[in-house]
Amino acid sequence: MTTATAAASAQPRVGAGGTLNYEHLIVTDQAILARIRDVYATTHYGPQDAAFLATPGGQHDLDFNTFIRYNQSVRNGRPWVQRVFDMTGKTLIEVGCGTGSSTAAFAYLAKHIYSCDPKENTLPTARARLQALGLSNVDITSHAAPEFFGFCREKYCESADAVLFFAVLEHQTLDERIESLRQAWDILRPGGVIIVIETPSRLTYMDHHTTRLPFYSMLPMDVALRYVEHSSRADFVGSMVQARSEPLAVQEELMIRWGRGISYHEFDLAFPPGGPRPYTIIADGYEREMTDLFPVTFDERLLQGFVALNGFTNIHPAFLRHTLCLILRKGEGGAASPARSFTPHVATRLELERLRDRLDLMSIAEIRGELNRLMERGVAFGHQSGM
């Protein structure tokens, strides 16, 4: 399939009620799905993993890397990017392509994609997926970031229109995160974008990503290493316990590779305010495509309320989601993401005292209205949804 043909087939179609959708890109051919699944099962896993693959967890992993993440990329990730940055005919550098799910979704639009992943056992699946879908505008190599950016400059391109980190930054060390973000900014053309999708936050209470434990992302590394057995994820626990005899540095790196949440702090370190790498956040993860994929959780509401109540206006709302999905445009100015206003989620003592002291002067309707307002603040938040 040529780039022009792929781009034409990638255009949305009008569905019921005039809505746009990309359902025609969802793979329903069972032969193609079976091939992708077989390549993943036999190259990512070995004979020793047969017992795991027979479990519900193993079957889910096969499904996830065969079609679930690809479908999410088609239905949510790509339309979300398209609403603020047209990828048609653009050059994209993808860090951490994995099994090629997001790669294939964006390859229908991009002029060319240069992808990498340090895990060589994921690349056969990525290549099989692209071949099965007839996509030939992608180069995939086994590299890790930030070194991949230097390799791209030497072999592929001096600059790019976009850099994609899809579920990547959480698996990097602090130094790798900062340097990868800086290298991404440096290789972008003016007006280009850094796209971050599906990276867990360390600021919300629940670790949905690695351990499925509350407060785990807040633990210092030494406590986190000792607490691994409390996780319900047998594969994570087994891996970490097996490494207990290794040097501490090895255990810490293994924990990082499994995944640790990030926050706005890494972005401030990579792009200091007023520094030489200015950016504008043009999508913040509250757009409909991302809230459909990652619904807003109660711990997010608490975090949003805390930030609003304390007036921390320097913290962008994009960093208050439990799963970070944001798009940074190189340079300042232009259209930013919509302003979000969050209300505290509980009535304050002062508000209740004021209500108490005014009761004798208020009508029943006024009291009811004030109580409704305070109750609303206790269960909802004021972000502009569905935009």
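Please refer to the structure higher up on the page.
Residues numbered from 1 in each chain as written. Predicted model: local features only at pLDDT ≥ 70, side-chain atom pairs only at ≥ 80, totals over all residues. Heavy atoms only, no water.

Caption draft 1: Spatial organisation of a nonpolar patch on the surface. There is a patch of nonpolar side chains on the surface, built from Tyr 205, Phe 215 and Met 218 and spanning about 300 Å² of accessible area. Summarising the element assignment, Tyr 205 is placed in the loop between strand S7 (188–200) and helix H9 (221–226). A residue is classified by how much of its surface remains accessible, and Tyr 205, at 37% relative accessible area, is partly exposed. (Patch = residues over 30% accessible without salt bridge, like charges linked within 9 Å, V, L, I, M, F, W, Y side chains within 5 Å. Areas by Shrake-Rupley, 256 points an atom, 1.4 Å probe, with all protein chains shown as cover. Salt bridge = Lys/Arg side-chain N within 4 Å of Asp/Glu carboxyl O. Helix = DSSP H or I, 4+ residues; strand = E, 2+ residues; numbered from the N terminus. Buried < 20%, exposed > 50% of the residue type's maximum accessible area, 1.4 Å probe, protein only.)

Caption draft 2: Representation of the packing of helix H2 (residues 30–43) against helix H4 (residues 56–82) in the model. Following both chains from N to C, one finds H2 and H4 inclined at 125°, their axes separated by 9 Å at the closest point. Overall, the two elements H2 and H4 adopt an arrangement that is oblique. Viewed along their axes, H2 and H4 form a crossing whose handedness is right-handed. Only Gln 59, Asp 61, Leu 62, Asp 63, Asn 65, Thr 66 and Phe 67 of H4 make contact with H2, whose side of the interface consists of Leu 33, Ile 36, Arg 37, Tyr 40 and Ala 41. Across the contact of H2 with H4, the residue classes tally to 6 nonpolar, 3 polar and 3 charged. (Axes fitted to C-alpha atoms, helices over the stretch in contact; angles between N-to-C directions. Parallel < 35°, antiparallel > 145°, perpendicular 65-115°, else oblique. Left-handed = near helix turned anticlockwise from the far one by under 90°. Contact = heavy atoms within 4.5 Å. Nonpolar A, V, L, I, M, F, W, Y, C, P; charged D, E, K, R; others polar.)

Caption draft 3: Structural context of the pairing of S7. Extensive coverage of S7 is indicated by the burial of 10 of its 13 residues. Sheet topology places strand S6 (residues 160–166) next to S7; 6 bridges connect them, and they run parallel. Within S7, the residue paired with Leu 164 across the bridge is Ile 195. In this sheet, strand S9 (residues 323–330) lies alongside S7 in antiparallel orientation, the contact comprising 6 bridges. If you follow Ile 194 over to S9, its bridge partner there is Leu 328. (Pairing = 2+ DSSP bridges.)

Caption draft 4: Quick peek at the packing of helix H10 (residues 234–242) against helix H11 (residues 248–258). At a closest axis distance of 10 Å, the pairing of H10 and H11 adopts a crossing angle of 160°. In this view, H10 runs roughly antiparallel relative to H11, as classed from their interaxial angle. Crossing hand, H10 versus H11: right-handed. Judged by residue contacts, Asp 235, Phe 236, Ser 239 and Met 240 of H10 engage Gln 251, Leu 254, Met 255 and Trp 258 from H11. Looking at the contact of H10 with H11 residue by residue, the classes come out as 5 nonpolar, 2 polar and 1 charged.

Caption draft 5: How the structure looks around the sheet that holds strand S4 (residues 112–116). Spatially, 7 strands are ordered S5-S4-S3-S6-S7-S9-S8 in an open sheet, and the strand pairing comes out mixed. With one partner strand each, in any of the chains shown, strand S5 (138–141) and strand S8 (279–283) form the two edges of the open sheet. Each neighbouring strand pair of the sheet contributes to a mean axis angle of 20°, computed without reference to strand direction. Seen against the sheet, H4 touches S6, S7, S8 and S9 and runs at an angle of roughly 135° to S7. Taken strand by strand, helix H8 (residues 174–187) contacts strand S3 (91–95), S6, S7, S8 and S9, and its axis lies near 150° from that of S7.

Caption draft 6: Up close: the pattern of salt bridges. Scanning the model with the defined rule gives 17 salt bridges in all. Glu 23 serves as the salt-bridge partner of Arg 75, at 2.7 Å between the closest nitrogen and oxygen. One end of the pair, Arg 75, is in helix H4; the other, Glu 23, is in the loop between strand S2 (20–21) and H2, and 52 residues separate them in sequence. Overall, the relative accessible area of 39% leaves Arg 75 in the partly exposed class. With a closest N to O distance of 2.8 Å, Arg 340 and Asp 284 form a salt bridge. Of the two residues, Arg 340 is situated in the loop between S9 and helix H15 (349–358) and Asp 284 in the loop between S8 and helix H13 (288–293); the sequence distance between them amounts to 56 residues. Judged by relative accessible area, which is 0%, Asp 284 ranks as buried. One network of salt bridges, with partners in common, ties together Glu 176, Glu 253 and Arg 257.

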